[in-house]
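# Summary of structural features
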Amino acid sequence: MKTAIFDFLISALPWVAIGIFVACSCVTVKAKADGKELGRFFKGMCWSPAACFLFVAIMEMLDGNRSSGTTWLVLGCFNVMINFANSQKED
């Protein structure tokens, strides 16, 4: 049972993270174009894809698949950098 849940999470979480990342990116770009400020909840929600990517990276590396784990780790770090850059105020 534990292995089935582990395999499901490794398979599903990247797709969930990618979907949330695309949705958050589109809303952020639209809000910036309209000059609107995003709410705190949405800003927090933008960090969830990074958490998913990093969680998948940890699970993959624990499973012994270092190549896939490294890929998800890089995507998670990239997402963190994008979120950090978006959180900085423009001068």
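You'll find the structure just up there.
Residues numbered from 1 in each chain as written. Predicted model: local features only at pLDDT ≥ 70, side-chain atom pairs only at ≥ 80, totals over all residues. Heavy atoms only, no water.

When you go through the protein residue by residue, the secondary structure sums to four helices and zero strands. Starting at the N terminus and ending at the C terminus, the protein contains elements arranged as α-α-α-α. Overall, the C-alpha framework of the protein stretches about 50 × 25 × 15 Å when taken along its three principal axes. Expressed as a percentage of its 91 residues, the buried residues of the protein come to 23%. In the protein, the share of contacts with a sequence separation of at least 24, taken over all contacts with a separation of at least 6, comes to 61%. A total of about 6500 Å² of accessible surface is found on the protein, and carbon and sulfur atoms cover 70% of it. Measuring between centres, the 8 positive side-chain charges of the protein sit 6 Å from its 7 negative side-chain charges. (Helix = DSSP H or I, 4+ residues; strand = E, 2+ residues; numbered from the N terminus. Buried < 20%, exposed > 50% of the residue type's maximum accessible area, 1.4 Å probe, protein only. Contact = heavy atoms within 4.5 Å. Areas by Shrake-Rupley, 256 points an atom, 1.4 Å probe, with all protein chains shown as cover. Lys, Arg positive; Asp, Glu negative; His and termini not counted. Charge placed at Lys NZ, Arg CZ, Asp CG, Glu CD.)

Attention now moves to the state of the cysteines. Two cysteines form a disulfide when their sulfur atoms are joined by a covalent bond. Evaluation of the coordinates by the stated rule reveals zero disulfides. Unpaired in terms of disulfides, C46 finds its nearest cysteine sulfur in C24, a separation of 3.8 Å. Taking the relative accessible area as the measure of exposure, C46 reaches 10% and is therefore buried. Cysteine C52 is unpaired, with the sulfur of C24 as its nearest cysteine sulfur at 11 Å. (Disulfide = S-S within 2.5 Å.)

Our next topic: the nonpolar core. Within the largest apolar cluster, nine residues are counted, these being I10, L13, A17, C52, F53, V56, A57, M59 and W72. Of all elements in the fold, only α1 (2–34) and α3 (48–62) reach the threshold of two or more residues within this core. If one sorts the elements of this core by residue count, α3 sits on top with five residues. Ignoring anything within four residues of it in the chain, the contact list for I10 reads V56, M59, E60 and D63. (Core = buried A, V, L, I, M, F, W, Y, C linked by side-chain atoms within 4.5 Å.)

Together, W15, I18 and V22 give the surface a local cluster of nonpolar side chains, amounting to about 330 Å² of exposed area. By secondary structure assignment, the location of W15 is in helix α1. Assessed through its relative accessible area of 65%, W15 is described here as exposed. (Patch = residues over 30% accessible without salt bridge, like charges linked within 9 Å, V, L, I, M, F, W, Y side chains within 5 Å. Salt bridge = Lys/Arg side-chain N within 4 Å of Asp/Glu carboxyl O.)

Turning next to α3. The end-to-end C-alpha distance of α3, which contains 15 residues, comes to 21 Å, matching closely the 21 Å that a straight helix rising 1.5 Å per residue would cover. Positive backbone phi, at 95 degrees, marks G64, one or two positions downstream of α3. (Expected span 1.5 Å × (residues − 1).)

Worth remembering: the numbers are spatial, not functional.
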